[in-house]
Amino acid sequence: MKLALSALCENATRRTGLTTLFEELVDRSLRLYEGLRWIVFVAEDYPWGIDNSRVEIVKVRCSTQDVKRRIWFDHIVVPARAGTMGAAALVTVGFVPLRKCLPVVAHILSFQHQDSVNGVGKWRSAYRAMMVRRAALQADLVITNSKWAASQLLRSYPGCGDRTLISYEGVDHNRFCVAKGPHELERLYENFGLMPGYFLWVSNFYPYKQADTLIKAYARLDGQIRQKAPLVMVGGGWDDGANSAMALAKVLGVASDVKFLGWVSDEWLPTLYRNAVAFCHPSRDETFGRAVVEAMACGVPCVVNDIPVMREISGGHASFAAFGDSEAGAAALRAIWQEASLREDLRQRGIQQASRFSFDALARERLEAIFDLVSKRWRSRSGGRLL
């Protein structure tokens, strides 16, 4: 069987969790299913990372910076091209093409557009709302990544329940693990000037990730704690978000204690996780929150915003704080810094929780659902006979 995947939504200079999701889905599925082939559509400047004879890369004549052209190709050109190249289905993120030429499997992994406080923007919100609605009503299979995400979808579109698959995201346990690499501490210091024991935040600086609430909570800690445990912030400066966070740290008088590393290559993430005293995730809106599970897999206790999806994904094995209240956030950070028994308890339970999530399971769940979809379509076209 041949499947098509559009990765045109990904911007090479603004990497997100989708980058890993796409490549892991393709890579793991090729290992699990010998007869499977993929067609992957990417922008001309997008660095696709899977090199395999069963993956055909189609470079579309647009830049990752050109949003309008990417949307045009996604909706008009890609579906027709996928069909002529023999794809049995098209896998997308969050949309059904306006020109629907073959069965569509739509991942709906974001609902940030539903609340203006998340700062998605007027036109982007309108587009996402339209695409989620179209996907819920017209996709042949909808994939969400948590029970909470499915509940959000079905609340608005209950009719898509029989076409919706809940499939948790995965973790690469060969990389995200408790075992330290060779000379890890020396490399950490040489590359970032860091010693173990810092608070860690990893994300692009989207408004809904609430970097500001974390900085405000951190600023309430005693100076002695901040001196021993800097706040390390890793991620791309989305729409001036990093500059705003830097300015806030300066206003609050903690600029010397907050380290902004900017975007770092994926190879450094396990090292940064493993050597943190705690991973901090104050996000107000998630459908999964893979960074939390990656941190748990690395044996790092997590302090997270108390929202339903974090309860679900962490299994309750995290420290929960209402980060909208900076003192409540500070109390959670203070407790995890001071109480070794709390850190160890969350560490052990977090490792066990993280073991529930894998990319092999993700690929198997999603591919089996896609195979079932295609098989039913073939049967209906052949009058009930297998082709």
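Before reading further, recall that the structure is shown in the block above.
To start, this report covers the structure provided alongside it.

## Some details on the overall build of the chain
Here is step 1 of the chain: In terms of helices and strands, the chain carries 14 helices and 13 strands.
Here is step 2 of the chain: A compact globule built from 387 residues should have a C-alpha radius of gyration of about 21 Å, and the chain, at 22 Å, falls within 12% of that.
Here is step 3 of the chain: C-alpha atoms of the chain, sized along the principal axes, occupy 75 × 40 × 40 Å.
Here is step 4 of the chain: A total of 387 residues make up the chain; the buried ones form 55% of that total.
Here is step 5 of the chain: Long-range contacts, defined here as pairs at least 24 residues apart, represent 66% of the contacts in the chain between residues at least 6 apart.
Here is step 6 of the chain: About 17,000 Å² of surface is accessible on the chain, with carbon and sulfur atoms providing 50% of the total.

## Some remarks on the sheet that holds strand β2 (residues 37-43)
Here is step 1 of the chain: An order of β3-β2-β1-β4-β5-β6-β7 is seen for the 7 strands of this open sheet, with the pairing classed as parallel. In the strand order of this sheet, the two ends are held by β3 (55-60) and β7 (164-166), each with one partner. Each strand of the sheet is rotated relative to its neighbour by a mean of 20°, with strand direction disregarded.
Here is step 2 of the chain: Pairing analysis gives 2 bridges linking strand β1 (residues 2-6) to strand β4 (residues 90-93), with the strands arranged parallel. Its bridge partner lying in β4, Ala4 is registered against Leu90.

## Description of the packing of helix α10 (residues 290-297) against helix α13 (residues 340-354)
Here is step 1 of the chain: Contact geometry for α10 and α13: axes closest at 7 Å, N-to-C directions at 115°. For the pair α10 and α13, the crossing hand works out as left-handed. Facing Val293, Met296 and Ala297 of α10, the residues of α13 in contact are Gly350, Ile351, Gln353 and Ala354.
Here is step 2 of the chain: The residue makeup of the contact of α10 with α13, split by class, is 5 nonpolar, 2 polar and no charged.

## Some thoughts on the side chain of Ser29
Here is step 1 of the chain: By secondary structure assignment, the location of Ser29 is in helix α1 (residues 17-32).
Here is step 2 of the chain: Among the residues examined, Ser29 registers a relative accessible area of 0% and is labelled buried.
Here is step 3 of the chain: Those residues within four positions of Ser29 in sequence are excluded, and the remaining contacts are Glu24, Leu36, Trp38, Ala363 and Leu367.

## As for α10
Here is step 1 of the chain: Counted residue by residue, α10 has 8 buried out of 8 residues, so it is predominantly covered.
Here is step 2 of the chain: Within α10, the full set of buried residues consists of Arg290, Ala291, Val292, Val293, Glu294, Ala295, Met296 and Ala297.
Here is step 3 of the chain: Gly299 sits one or two residues past α10 and shows a positive phi near 80°.

## Focus on the pairing of strand β8 (residues 198-202)
Here is step 1 of the chain: Of all 5 residues in β8, 5 are buried, a share of seventy percent or more.
Here is step 2 of the chain: Residues Tyr198, Leu200 and Val202 point to one face of β8 and Phe199 and Trp201 to the other, with burial holding for every one of them.
Here is step 3 of the chain: As paired elements, β8 and strand β11 (residues 276-281) share 3 bridges and run parallel to each other. Bridge pairing in β11 links Tyr198 to Ala276.
Here is step 4 of the chain: Examined bridge by bridge, β8 and strand β9 (residues 231-234) share 4 bridges and lie parallel to one another. Residue pairing across strands places Phe199 opposite Leu231, the latter belonging to β9.

## A word on the state of the cysteines
Here is step 1 of the chain: All chains considered together, the criterion is met by 0 disulfides.
Here is step 2 of the chain: Between Cys280, a free cysteine, and Cys302, which holds the nearest cysteine sulfur, the sulfur-to-sulfur gap is 8.7 Å.
Here is step 3 of the chain: The thiol of Cys298 is unpaired, and the distance to the nearest cysteine sulfur, on Cys177, comes to 6.5 Å.
Here is step 4 of the chain: Cys298 sits in the buried class, given a relative accessible area of 2%.

## Some remarks on the pattern of salt bridges
Here is step 1 of the chain: Inspection of every chain in the model, using the stated rule, returns 16 salt bridges.
Here is step 2 of the chain: Here Asp360 makes a salt bridge to Arg28, at a shortest N to O gap of 3.2 Å. Within this pair, whereas Asp360 is found in helix α14 (residues 359-381), its partner Arg28 is found in helix α1, the two being separated by 332 residues in sequence.
Here is step 3 of the chain: For Arg28, a relative accessible area of 8% translates into the label buried.

## Some words on the side chain of Asn275
Here is step 1 of the chain: Summarising the element assignment, Asn275 is placed in the loop between α9 (269-274) and β11.
Here is step 2 of the chain: Within polar-contact distance, the side chain of Asn275 engages the side chain of Lys180 at 2.9 Å.
Here is step 3 of the chain: Among the polar contacts listed, one links the side chain of Asn275 to the side chain of Glu184, at a separation of 3.0 Å.

Each value, and the rule that gives it
- Residues numbered from 1 in each chain as written.
- Predicted model: local features only at pLDDT ≥ 70, side-chain atom pairs only at ≥ 80, totals over all residues.
- Heavy atoms only, no water.
- Helix = DSSP H or I, 4+ residues; strand = E, 2+ residues; numbered from the N terminus.
- Rg over C-alpha atoms; globule rule 2.2 N^0.38 Å.
- Buried < 20%, exposed > 50% of the residue type's maximum accessible area, 1.4 Å probe, protein only.
- Contact = heavy atoms within 4.5 Å.
- Areas by Shrake-Rupley, 256 points an atom, 1.4 Å probe, with all protein chains shown as cover.
- Pairing = 2+ DSSP bridges.
- Axes fitted to C-alpha atoms, helices over the stretch in contact; angles between N-to-C directions.
- Left-handed = near helix turned anticlockwise from the far one by under 90°.
- Nonpolar A, V, L, I, M, F, W, Y, C, P; charged D, E, K, R; others polar.
- Disulfide = S-S within 2.5 Å.
- Salt bridge = Lys/Arg side-chain N within 4 Å of Asp/Glu carboxyl O.
- Polar contact = N/O pair within 3.5 Å; in protein donor to acceptor, adjacent residues only side chain to side chain.

Function cannot be inferred from these measures alone, as they are strictly geometric.
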